[in-house]
Amino acid sequence: MASTVPPAAPQHAESQPPITMFGPDFPYAYDDYLAHPAGLGGVPATEHGTEVAVIGGGLSGLVTAYELMKMGLRPVVYEADQLGGRLRTTGFEGCEAELTAELGAMRFPPSSTALRHYVDLVGLRTRPFPNPLSPATPSTVVDLKGVPHYARTLDDLPEVYRQVAQAWQACLDEGADYQEMNRAIRERDVPRIREIWSRLVERLDDQTFYGFLCAAPSFSSFRHREIFGQVGFGTGGWDTDFPNSILEILRVVYTEADDHHEGIVGGSQQLPLRLWEHVPDKLVHWAAGTSLATLHDGAPRPAVTRLHRTAGNRTTVTDASGDIRTYRAAVFTAQSWMLLSKIECDDSLFPIDHWTAIERTHYMESSKLFVPVDRPFWLDKDPETGRDLMSMTLTDRMTRGTYLLDDGPDKPAVICLSYTWCDDSLKWLPLSGRERMEVMLNSLGEIYPGVDIRGHIIGNPVTVSWEDEPYFMGAFKANLPGHYRYQRRLFTHFVQDRLPADRRGLFLAGDDVSWTAGWAEGAVQTALNAVWGVMTHLGGATDPGNPGPGDVFDEIAPVELPED
């Protein structure tokens, strides 16, 4: 069980197919597309070696570049900061131990099957992540309104927590057809998924997460809603999501994106870095041994400073070195707000409706702070209670979520002292890393008054506030009520046959144009969409036995809401 509020689905037999991120908005089997022996498709031999700009060296950009390279095209990757984007793993200054902190993505659900394809491709290992009350977590403390509760399972918590769990399950079943959608996604029943989701999108597009809870008879109690906001489901409290569209939340729970998480051993940034160096087994046009790194002489191009249209429906890219290059096709995978602020852009890059959608994109703030410690002292037993000295902690104090990460009882370890979102993240913004650490240690000292956390710290803290990162300006997209139409425009941009001819050839990708905000699976899926778009733009096609996302688009396109 991954949370203090368990998933609403009943226990399923082992013989039933697993939940994957198959829909609900675009029920396409990206995992099957990747696994098919025919590959993703190809371009005419006359296009081999054609340069394609890939702007952004995060996971989406590198998946895009890797697959275009395999087709015989020459991706030119631009990166303003460091390869990996929000897959960012760092060490600790002043600490001899080889410890790491995940400043961005640090846990991934098994339902991310397209992501898993690349994790396996580059030979990475994963292990269970210690979420609240998960089997990988020795113990959890829920501290609300100054009262801590120690638990190993949900049954160890007071009865009100089980009432909240039951209320959430009833809320989903009564208001969102949870059981039916769960079954349809497991069985990849496209007509049923589309029927259920189309009805819900039309009814719930203008509804907040909090409004959805308030409308449910099972959540008539404010106390229950307050506890649910602090403790939530999956990875902890969700009150920071209360203003967002309920559709964003349903996408997460339907696909079990917030359950049964695993972390990448050694750090998530290894995935994009290994993909950069990886030599494909099957490679068109390029010599054996070719990788993205060799095509770029070891380093990507620097930050893009200008994008504009030029004659012949080309995209011309200027980078920070002053280099100007013109491309027949380009893919923009960086956070879309960059197009509004950091990059000088022509209005002609996109139709006006797409510019409006980019401008209306809403980003969530997020902050983390990690410290290295000499050993996992939290596994010591309190001599009076027999309990773990310290636990994974959910609280309404400033720290909100505290995670304990170790590789064994006799090795140095890491504490994520605080993981926060939105307003909670903004509270930390004016403080330095050391100031943040002191406030966090004081808060945790109220919960664990006899535990000397400071005495175990062996290096300097590392911290991040994603809203303050100049090339991100937020952690990830999260639609507000009424934003469905904007999101549809961004996601479907890869199918360009309905766009004016002078607005084609530049494709959007990245998790902020996906339906699954903040999940690496969305970065991979939209990268594969963009690969299909570039391929067809240059006259290529998929194998008839393995149709791509654009080939079946008309059959499974996201529901279109009226605009008049």
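Structure shown above.
Residues numbered from 1 in each chain as written. Predicted model: local features only at pLDDT ≥ 70, side-chain atom pairs only at ≥ 80, totals over all residues. Heavy atoms only, no water.

Visitor: Tell me about the overall build of the protein chain, residues and numbers included.
Guide: Counting its secondary structure elements, the protein chain contains 17 helices and 21 strands. Against the compact-globule benchmark of 24 Å for 564 residues, the protein chain has a radius of gyration of 24 Å, which places it among compact chains. The C-alpha extent of the protein chain, read off along each of the three principal axes, is 75 × 55 × 45 Å. Counting all 564 residues of the protein chain, 59% fall into the buried class. Within the protein chain, residue pairs in contact and separated by at least 24 positions form 73% of the contacts whose partners lie at least 6 positions apart. Taken as two groups, the 49 positive and 77 negative side-chain charges of the protein chain have centres that lie 1 Å from each other. (Helix = DSSP H or I, 4+ residues; strand = E, 2+ residues; numbered from the N terminus. Rg over C-alpha atoms; globule rule 2.2 N^0.38 Å. Buried < 20%, exposed > 50% of the residue type's maximum accessible area, 1.4 Å probe, protein only. Contact = heavy atoms within 4.5 Å. Lys, Arg positive; Asp, Glu negative; His and termini not counted. Charge placed at Lys NZ, Arg CZ, Asp CG, Glu CD.)

Visitor: Describe the pattern of salt bridges, with residues and values.
Guide: Applying the stated criterion across every chain yields a total of 39 salt bridges. Between arginine 88 and aspartate 81 there is a salt bridge, and its shortest N-O distance comes to 3.5 Å. Judged by its relative accessible area of 9%, arginine 88 falls in the buried class. Between arginine 400 and aspartate 424 there is a salt bridge, with its nearest N and O atoms 2.5 Å apart. (Salt bridge = Lys/Arg side-chain N within 4 Å of Asp/Glu carboxyl O.)

Visitor: Lay out the state of the cysteines in plain terms, naming residues and giving numbers.
Guide: A full pass over the atoms with the stated rule returns zero disulfides. Free cysteine: cysteine 416, not disulfide-bonded; nearest cysteine sulfur from cysteine 95 at 16 Å. Exposure remark for cysteine 416: the relative accessible area of 0% places this residue in the buried category. Not part of a disulfide, cysteine 422 finds its nearest cysteine sulfur in cysteine 416, a span of 16 Å. (Disulfide = S-S within 2.5 Å.)

Visitor: An account of the packing of aromatic side chains is needed here, citing residue identities and associated values.
Guide: Applying the stated criterion across every chain, the model contains 28 aromatic pairs. Taking the centre distance of 6.2 Å and the plane angle of 35° together, the rings of phenylalanine 26 and tyrosine 28 count as tilted. Each member of the pair phenylalanine 26 and tyrosine 28 is classed as buried. Considering the side-chain rings of phenylalanine 26 and phenylalanine 491, the 5.2 Å spacing of their centres and the 65° angle between planes classify their relative orientation as edge-to-face. Highlighted residues: phenylalanine 26 in the segment before α1 (30–35) and phenylalanine 491 in helix α15 (residues 484–491), separated in sequence by 465 residues. With a relative accessible area of 4%, phenylalanine 26 lands in the buried category. On the basis of relative accessibility, which here comes to 4%, the residue phenylalanine 491 falls in the buried class. Over the ring of tyrosine 471 we find lysine 342; its NZ or CZ atom is 5.4 Å from the centre of that ring. (Phe/Tyr/Trp six-rings, centres within 6.5 Å; stacked < 30°, edge-to-face > 60°. Lys NZ or Arg CZ within 6 Å of the ring centre and 35° of its normal.)

Visitor: Please give an account of the side chain of threonine 361 that cites residues and values.
Guide: Its place among the elements puts threonine 361 in the loop between α12 (352–360) and β14 (363–364). Since its relative accessible area comes to 5%, threonine 361 is described here as buried. Setting aside anything within four residues of it in sequence, one finds threonine 361 in contact with Ser336, Trp337, Lys477 and Leu490.

Visitor: Tell me about the sheet that holds strand β1 (residues 51–55), residues and numbers included.
Guide: What the four strands build is an open sheet, ordered β2-β1-β12-β21; its pairing is parallel. Of all strands in the sheet, those with a lone pairing partner are β2 (74–78) and β21 (506–508), marking the two edges. Taking the axes of each pair of neighbouring strands and ignoring which way they run, one obtains an average angle of 20° across the sheet. The sheet contact formed by β1 and strand β12 (residues 330–332) spans three bridges and is parallel. Paired with alanine 53 across the two strands is alanine 330, which belongs to β12. Along the sheet, helix α2 (residues 59–70) contacts β1, β2 and β12; its crossing angle with β1, the most-contacted strand, is approximately 165°. (Pairing = 2+ DSSP bridges. Axes fitted to C-alpha atoms, helices over the stretch in contact; angles between N-to-C directions.)

Visitor: Account for the packing of α12 against α15, naming residues and giving values.
Guide: In the contact formed by α12 and α15, the axes pass within 9 Å of each other and the chain directions differ by 115°. Crossing geometry of α12 relative to α15 is assigned as left-handed. Every residue of α15 that contacts α12 at Asp353, His354, Thr356, Ala357, Ile358 and Arg360 is listed here: Tyr486, Arg489 and Leu490. For the contact of α12 with α15, the per-class residue count stands at four nonpolar, two polar and three charged. (Left-handed = near helix turned anticlockwise from the far one by under 90°. Nonpolar A, V, L, I, M, F, W, Y, C, P; charged D, E, K, R; others polar.)

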